[in-house]
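Here is how the chains run, residue by residue.
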Amino acid sequence: MKFSSVSLVLLLVATVSSWAPTTVLSFAPSSSSGSSSRVATTTATTTRRRSGLFANHNHNDQHNDYPNLESCIRSIEKGVKGAFAATCLAGAIWASPAAFMGGMIMGENGNGDIVSMGNDYLDGVRTSVVVEAKEMASASGSRVNKDPESLLRYGLPIPKDKEIRKFQVVIEEIRQDIQSKRKTSAIDGIKKAKGTIKSKSSEFNQMCRSPQTCEGILSEMTSILDPLSKNVAESQNYLNGSDQERAALDKAYELQEQLQILLTKLEEQMVPEGYATPVPEEYSDLPQLKGGRATVEFVLKKPDNAPFDVEGVNYPEAKMVMVIDGFTAPVTGGNFIDLVEKGFYNNMAIQRSDGFVVQTGDPDGPADGYVGTPSKSVGKGKHGERLIPSEIFVKGDKGPFYETTIEDEGRGGQATVLPFNAYGAMGWAREEYDVNSGSSQFFWLLFDSDLTPAGKNVLDGRYPCFGYVVNGADYLRDVKEGDIIVSAKVTDGLQYLVQPKN
């Protein structure tokens, strides 16, 4: 595989750069034609340009570590060219508005080459939606939220959530301050949390389905804050790195973990009664996870009963707990929960582990996925696989859009509700050039902020993120190809699984 010197430079830039523009300019094509994409609330016409990074594993796959690296490079190269053109345009505007109106600008032709373009081309220039950093693509700021439970909280469909999100930030920053030994900041955060509960408790209670339940949750949170503050303050009295300091901070961290659990319960209460993410009727013949989330537990073992080595500690098995989000990915999540409940993943081997993802879901035999009754809208695979559509949910939308990607929709750079930010983020695999080819194969992303720096996440909006590993993600560090999923079961939330209509 050959790369030009430009490509190699661009790969280096994409790997190490953390620059994230606050304004994105993109050049719209002068004309477009394509099929209508299925969206829960709106319909948009777009050119179907199917692209991908993770292809389904199949039985003829030679397990190349990065089989689609070249296409990734081309995508990066094209994106950086666009950014360069936007930079030239921004510089021209800054230097002289008259120059912008009367001069030539740099653009990109249909072959991806940077060329000079006259004023007529300005008719094809459109400014992408400009939003705050938190609403742009995952990791668009200098600080990446890698906490899966925090990301799940942000993914809850809470109306008028401004104040509760502020409270969430305060609680989560206390945790970060304790971890980083920013003790004074942690104590200040605890005081702020107590003040927020005192001033906002009535408002929070009214946001809940059961105000009495939330009143009890807030009362319990208040009872934790005083001993939490005491333990952090106590740690200040000991030498840095001493056993006494560690013991005091461990107690504080345990209390803060309890706060996090209560915060999640509080926010879950704020999801409106009976809320379910809208899904187009044509997908009613597929399993769906409607109106809630489910918890799944996987237990893995090595075929020779060797231990899992996690940072020098050996474990006889790898047990991972995952939360599957039916609010963000009702079709993808429903398909996964249905397969887990059917026992599809039991005794299945891990089929890919390349340091970037861990992937499974390809059954023995000629089929590349689960063989079952297909959806009329999506159809079946070449060996009778039940296929599901691509499902992408962008922040600010009322529901996901289907059978296309965020780039095909002309919305590249916008944030998805669940981003691929966390180690153990779960994504649905498919063939590279067919967004509707997913069946049963999925991957865990081995997220590394050094490999995926701020603003450079290439997965969001191209693949559905449908959940996270919330406990045991570290085991993925030693999960290898050939390891066996000895048990896969739904431990909570099965009541949200809605089976297809007959």
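Position numbers for residues count from 1 along each chain, tracking the sequence in the order it is written. Restriction of local features to residues with pLDDT of at least 70 applies here, the model being predicted, together with a cutoff of 80 or more for giving and counting side-chain atom pairs; totals for whole chains, interfaces and linings are based on all residues. Derived side-chain values reflect all non-hydrogen atoms in the structure, with water molecules and hydrogen atoms excluded from consideration.

*Asks:* Just to check I follow, could you spell out the overall build of the protein chain for this structure?
*Replies:* Secondary structure elements follow DSSP: runs of H or I of four or more residues count as helices, runs of E of two or more count as strands, with numbering from the N terminus. Scanning the protein chain from N- to C-terminus turns up nine helices and 21 strands. Exposed residues in this analysis have more than 50% of their type's maximum accessible area, buried residues have under 20%, and partly exposed residues fall in between, with area computed by a 1.4 Å probe over protein chains only. Counting across all 502 residues of the protein chain, residues that qualify as buried make up 49%. Throughout, a contact is declared for two residues whenever any of their heavy atoms are within 4.5 Å. Restricting the contact set of the protein chain to residue pairs at least 6 apart, pairs at least 24 apart contribute 74%. The protein chains shown are the only cover counted for residues, whose accessible areas, like all others here, come from Shrake-Rupley with a 1.4 Å probe. With an accessible surface of roughly 23,600 Å², the protein chain has 51% of that area assigned to carbon and sulfur atoms.

*Asks:* How do you make sense of the pairing of strand β19 (residues 465-471) when you look at a structure like this?
*Replies:* On any regular strand, side chains alternate: one points to one face of the sheet, the next to the other face. Within β19, five of the seven residues are buried, which leaves the element mostly enclosed by the surrounding structure. As judged from the four bridges shared by strand β11 (residues 318-325) and β19, these two strands associate in the antiparallel manner. Paired with Val321 across the bridge in β19 is Asn471. Sheet analysis places strand β17 (residues 425-428) next to β19, joined by three bridges and oriented antiparallel. Opposite Ala425, over in β19, you have Tyr468 as the bridge partner. A pair of strands is treated as paired once DSSP finds two or more bridges between them.

*Asks:* Looking at this structure, how should I read the nonpolar core?
*Replies:* Soluble globular proteins tend to bury their nonpolar side chains together. For this analysis, a nonpolar core means a set of buried residues of the types Ala, Val, Leu, Ile, Met, Phe, Trp, Tyr and Cys, connected via side-chain atoms within 4.5 Å. Ranked by size, the top nonpolar core spans 46 residues in total, and within it Phe298, Phe336, Tyr345 and Trp444 carry the most contacts. The element best represented in this core is helix α9 (residues 330-342), accounting for five residues. Once residues lying within four places of it in the same chain are set aside, the contact partners of Phe336 are Val296, Phe298, Ile324, Tyr345, Met426, Trp428, Phe442 and Phe466. With 33 residues, the next largest nonpolar core counts Ile171, Ala186, Leu262 and Val271 among its residues.

*Asks:* When you look at the sheet that holds strand β8 (residues 293-301) in this model, what are you seeing that I'm missing?
*Replies:* With antiparallel pairing, nine strands are arranged side by side in an open sheet as β12-β20-β8-β11-β19-β17-β18-β14-β13. Both outer strands of the open sheet, β12 (348-349) and β13 (352-353), are each paired with one neighbouring strand and no more. Interaxial angles span 0 to 180 degrees and are taken between N-to-C directions of axes, which are lines fitted to C-alpha atoms, for helices over the stretch in contact. Packing against the sheet, α9 makes contact with β8, β11, β17, β18 (442-445), β19 and β20 (484-492), and its axis sits at approximately 50 degrees to β8.

*Asks:* Just checking my understanding: could you explain the environment of Phe344 for this structure?
*Replies:* As for its position among the elements, Phe344 is in the loop between α9 and β12. The contacts of Phe344, once residues within four sequence positions are left out, are Leu339, Gly361, Pro363, Gly369, Tyr370 and Ser440.

*Asks:* I tried to follow unusual backbone geometry on my own but got confused; where do I start?
*Replies:* With glycine set apart, most residues show a phi of negative sign, and most peptide bonds adopt trans. We note that Lys181 has phi near 60 degrees; this positive angle belongs to a residue other than glycine. Relative to the helices and strands, Lys181 is located in the loop between α5 (162-179) and α6 (183-207). Of note, Glu403 is a non-glycine position whose phi angle comes to about 65 degrees, a positive value. Take Glu403: it is sitting in the loop between β16 (401-402) and β17.

*Asks:* Is there a simple way to think about the state of the cysteines in this case?
*Replies:* Here, disulfide denotes a covalent bond that connects the sulfur atoms of two cysteines. A pair of sulfur atoms, both from cysteines and within 2.5 Å, is called a disulfide here. Under the counting rule described, the total for this entry stands at one disulfide. Put simply, Cys208 and Cys214 are joined by a disulfide, and their sulfur atoms are 1.9 Å apart. Given an S-S torsion of about -95 degrees, the disulfide between Cys208 and Cys214 has left-handed geometry. A relative accessible area of 7% places Cys208 in the buried class.

*Asks:* I keep staring at the side chain of Ser235 and nothing clicks. Help me out?
*Replies:* Within the element layout of this structure, Ser235 appears in helix α7 (residues 211-235). Ignoring sequence-local partners within four residues, the contact set of Ser235 consists of Lys183, Glu245, Ala248 and Leu249.

*Asks:* It is not clear to me how the pattern of salt bridges should be interpreted in this structure. Could you clarify?
*Replies:* Where charged atoms of side chains with opposite charge meet at close range, the side chains can pair. Any carboxyl oxygen of Asp or Glu that lies within 4 Å of a side-chain nitrogen of Lys or Arg is treated as forming a salt bridge with it. This model, assessed by the stated rule, comprises 23 salt bridges. Of the charged contacts, one joins Arg165 and Asp161 as a salt bridge, the two residues approaching to 3.1 Å between their closest N and O atoms. Assessed through its relative accessible area of 8%, Arg165 is described here as buried. Judged by its relative accessible area of 25%, Asp161 falls in the partly exposed class. Across the salt bridge formed by Glu407 and Arg462, the nearest N and O atoms sit 2.2 Å from each other.

*Asks:* Would you mind going over empty space enclosed by the protein with me for this structure?
*Replies:* Gaps left between atoms show up when a probe the size of a water molecule is rolled over them. Buried and open spaces are told apart on a 1 Å grid over the protein atoms alone, a cavity being a set of points where a 1.4 Å probe fits but cannot get out and a pocket being an open set with protein on both sides within 12 Å along at least five of seven lines. Residues with an atom within 4 Å of a point are the lining residues. Grid points are joined across faces, edges and corners, and a volume is the space filled by probe spheres set on the points. Tallied over the full model, the rule gives three cavities of 30 Å³ or more. Lining the largest cavity are 13 residues, and of these Phe393, Thr416, Leu418, Pro464 and Cys465 sit closest to its centre. The residue inventory of the lining of the largest cavity, partitioned by class, reads eight nonpolar, three polar and two charged. Each pocket or cavity is described by its volume, and for the second largest cavity that value is around 50 Å³. Around the second largest cavity sit Ile388, Pro389, Ser390, Trp428, Ala429, Arg430, Val435, Gly438 and Pro464, which together line it. Nonpolar residues are Ala, Val, Leu, Ile, Met, Phe, Trp, Tyr, Cys and Pro. Charged residues are Asp, Glu, Lys and Arg, and all others, Gly as well, are polar.

*Asks:* Explanation requested: the packing of α7 against helix α8 (residues 243-268) in the structure shown.
*Replies:* Running from amino to carboxyl end, α7 crosses α8 at an angle of 165 degrees, the nearest separation of the two axes being 9 Å. The orientation of α7 relative to α8 falls into the category roughly antiparallel. At the point where α7 passes α8, the crossing takes the left-handed sense. Considering only residue class, the contact of α7 with α8 consists of 17 nonpolar, four polar and four charged. For classification purposes, angles smaller than 35 degrees are called roughly parallel, those larger than 145 roughly antiparallel, those between 65 and 115 roughly perpendicular, and all remaining angles oblique. For any helix crossing, the convention is left-handed if the near helix is rotated counterclockwise from the far helix by under a right angle, and right-handed if that rotation is clockwise.

*Asks:* Sorry if this is basic, but what is going on with the pairing of strand β14 (residues 357-360) here?
*Replies:* Burial along β14 is two-sided: the residues Val357 and Gln359 and Val358 and Thr360 are all buried. Of the strand pairs in this sheet, β14 and β18 are connected by four bridges, and their pairing is antiparallel. Its bridge partner lying in β18, Val357 is registered against Leu445.

*Asks:* Please explain the side chain of Asp285 as it appears in this structure.
*Replies:* Here Asp285 lies in the loop between α8 and β7 (288-289). For the buried Asp285, which has no salt bridge, the nearest side chain bearing the opposite charge is Lys376, at an N-O separation of 6.1 Å. Definition of a polar contact: a pair of N or O atoms within 3.5 Å, with one able to donate and the other able to accept a hydrogen when the atoms are protein atoms, and with sequence-neighbouring residues admitted only if both atoms are side-chain atoms. Among the polar contacts listed, one links the side chain of Asp285 to the side chain of Ser375, at a separation of 3.0 Å. Within the structure, Asp285 has its side chain in polar contact with the backbone nitrogen of Lys376 (distance 2.8 Å). Aside from chain neighbours lying at most four places away, what touches Asp285 is Pro374, Ser375, Lys376, Ser377, Pro500 and Lys501. Two residue types count as positive, namely Lys and Arg, and two as negative, namely Asp and Glu; His and chain ends fall outside the count.

*Asks:* Before we go on, may I ask you to explain the environment of Asp478 in this structure?
*Replies:* Mapped onto the secondary structure, Asp478 falls in the loop between β19 and β20. For Asp478, a relative accessible area of 13% gives the class buried. Counting along the chain gives 123 residues from Asp478 to Gly355, while the straight-line C-alpha distance between them is 9.6 Å. Filtering out sequence-adjacent residues up to four positions away, Asp478 remains in contact with Lys302, Pro307, Phe308, Asp309 and Asp483.

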